[in-house]
Amino acid sequence: MAVIIINGDLLTASEDIIGHQVNCKGVMGSGVAKLIKEKYPEAFTVYKEKCNEIVDKQELLGICQLVECAEGKTVANLFGQLKYGRGKEQYTDYAALEKALNELKNRARKANSSIALPFNIGCGLANGSWDVVSKMIEEIYSDYDVTLYKL
């Protein structure tokens with residue numbers, strides 16, 4: 001079992017589940033989330049409904065929301081950041097991302113599903129550290145394959 005890194009587009013991944021980090025505010029306005037919203041609008045609709053139904057947004061942190069989408073693909077909305085922005089502050093909550101990634105692995109294992117994630121998840125616009133997140137992914141997925149797509 002291993003973490004596999006390939007050059008390619010996450011949105012054309014052959015894996016069963018495409019995971020990505022989301023905020024708890026119901027906004028998929030940029031980055032990978034925006035691309036997923038455009039290709040898999042149902043993933044956004046279900047995500048937005050979840051954000052709207054929870055008053056205390058902190059309760060969303062760490063959730064792995066699986067959404068069945070077109071083309072037989074499942075999108076995993078990984079609630080790893082409370083808010084979003086364009087500032088230099090770190091929006092990624094490492095504990096929340098770790099919890100969501102663990103839940104994703106466990107649910108994928110039960111369904112015998114393969115997983116694709118964006119390379120640098122939580123480290124682009126959310127300003128997390130790839131040193132921290134990559135070690136987290138290696139530890140979590142030491143016993144289950146995950147493919148990271150790097151453009």
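For the structure, check the block above.
So, here is what we can say about the structure in this document. What you see as residue numbers is a count from 1 along each chain, following the sequence as written. A pLDDT threshold of at least 70 governs which residues receive local features in this predicted model, and a stricter bar of 80 or more applies before side-chain atom pairs are shown or counted, although totals over entire chains, interfaces and linings include all residues. Each side-chain value is derived from all of the structure's non-hydrogen atoms; neither hydrogens nor water enter the calculation.

**What about the overall build of the protein?**
Helix and strand definitions here come from DSSP, where helices need a minimum of 4 consecutive H or I residues and strands a minimum of 2 consecutive E residues; each element is numbered from the N-terminal end. The helix and strand inventory of the protein stands at four helices and six strands. Starting at the N terminus and ending at the C terminus, the protein contains elements arranged as β-β-α-α-β-β-α-β-α-β. Across its three principal axes, the protein shows a C-alpha extent of roughly 40 × 35 × 25 Å. Throughout this description, buried means an accessible area under 20% of the type-specific maximum (1.4 Å probe, protein chains only), exposed means over 50%, and partly exposed covers the range between. In the protein, buried positions account for 45% of the 151 residues. Contacts between residues were defined by any pair of non-hydrogen atoms, one from each residue, lying within 4.5 Å. In the protein, the proportion of contacts linking residues at least 24 apart, taken out of those at least 6 apart, comes to 70%. Total accessible area computed for the protein in this model is approximately 7,500 Å², and 50% of it derives from carbon and sulfur atoms. Side-chain charges of the protein comprise 18 positive and 20 negative groups, with the mean position of each set lying 5 Å from the other. Residue burial considers only the protein chains on display, and all accessible areas are found by Shrake-Rupley using a 1.4 Å probe. Only four residue types enter the charge count, namely Lys and Arg as positive and Asp and Glu as negative; His and the chain termini do not. Where a charge sits is defined by one atom per residue type, namely NZ (Lys), CZ (Arg), CG (Asp) or CD (Glu).

**Details of the pattern of salt bridges**
Salt bridge, as used here: a side-chain nitrogen of Lys or Arg that lies within 4 Å of a carboxyl oxygen of Asp or Glu. What the rule picks out here adds up to five salt bridges. Across the salt bridge formed by Lys83 and Glu89, the nearest N and O atoms sit 3.6 Å from each other. By relative accessible area, which is 40% here, Glu89 ends up partly exposed. Asp143 serves as the salt-bridge partner of Arg109, at 3.2 Å between the closest nitrogen and oxygen. Here Arg109 is found in helix 3 (residues 94-111), whereas its partner Asp143 is found in the loop between helix 4 (130-140) and strand 6 (146-150), with 34 residues between them in sequence. Taking the relative accessible area as the measure of exposure, Asp143 reaches 35% and is therefore partly exposed. Where salt bridges share partners, they join Lys105, Arg109 and Asp143 into one cluster.

**As for helix 3**
Helix length check: helix 3, at 18 residues, gives a terminal C-alpha distance of 26 Å against a target of 26 Å (1.5 Å per residue), a fit within 8%. For helix 3, the full list of buried residues reads Ala96, Leu97, Ala100, Leu101, Leu104, Lys105 and Ala108. If you follow the buried residues of helix 3, they end up packed against strand 2 (17-23), strand 3 (64-68), strand 4 (74-81), strand 5 (115-118) and helix 4. Where helix 3 starts, the residue carrying a side-chain oxygen 3.1 Å from the main-chain nitrogen of Ala95 turns out to be Asp93. Asn112, located one to two residues past helix 3, shows a positive phi value of around 55°. Expected helix span is computed as 1.5 Å times (number of residues minus one). We define a polar contact as two N or O atoms separated by no more than 3.5 Å, with the added condition that, inside protein, one atom must be a possible hydrogen donor and the other a possible acceptor, whereas residues neighbouring each other in sequence contribute only through side-chain atom pairs.

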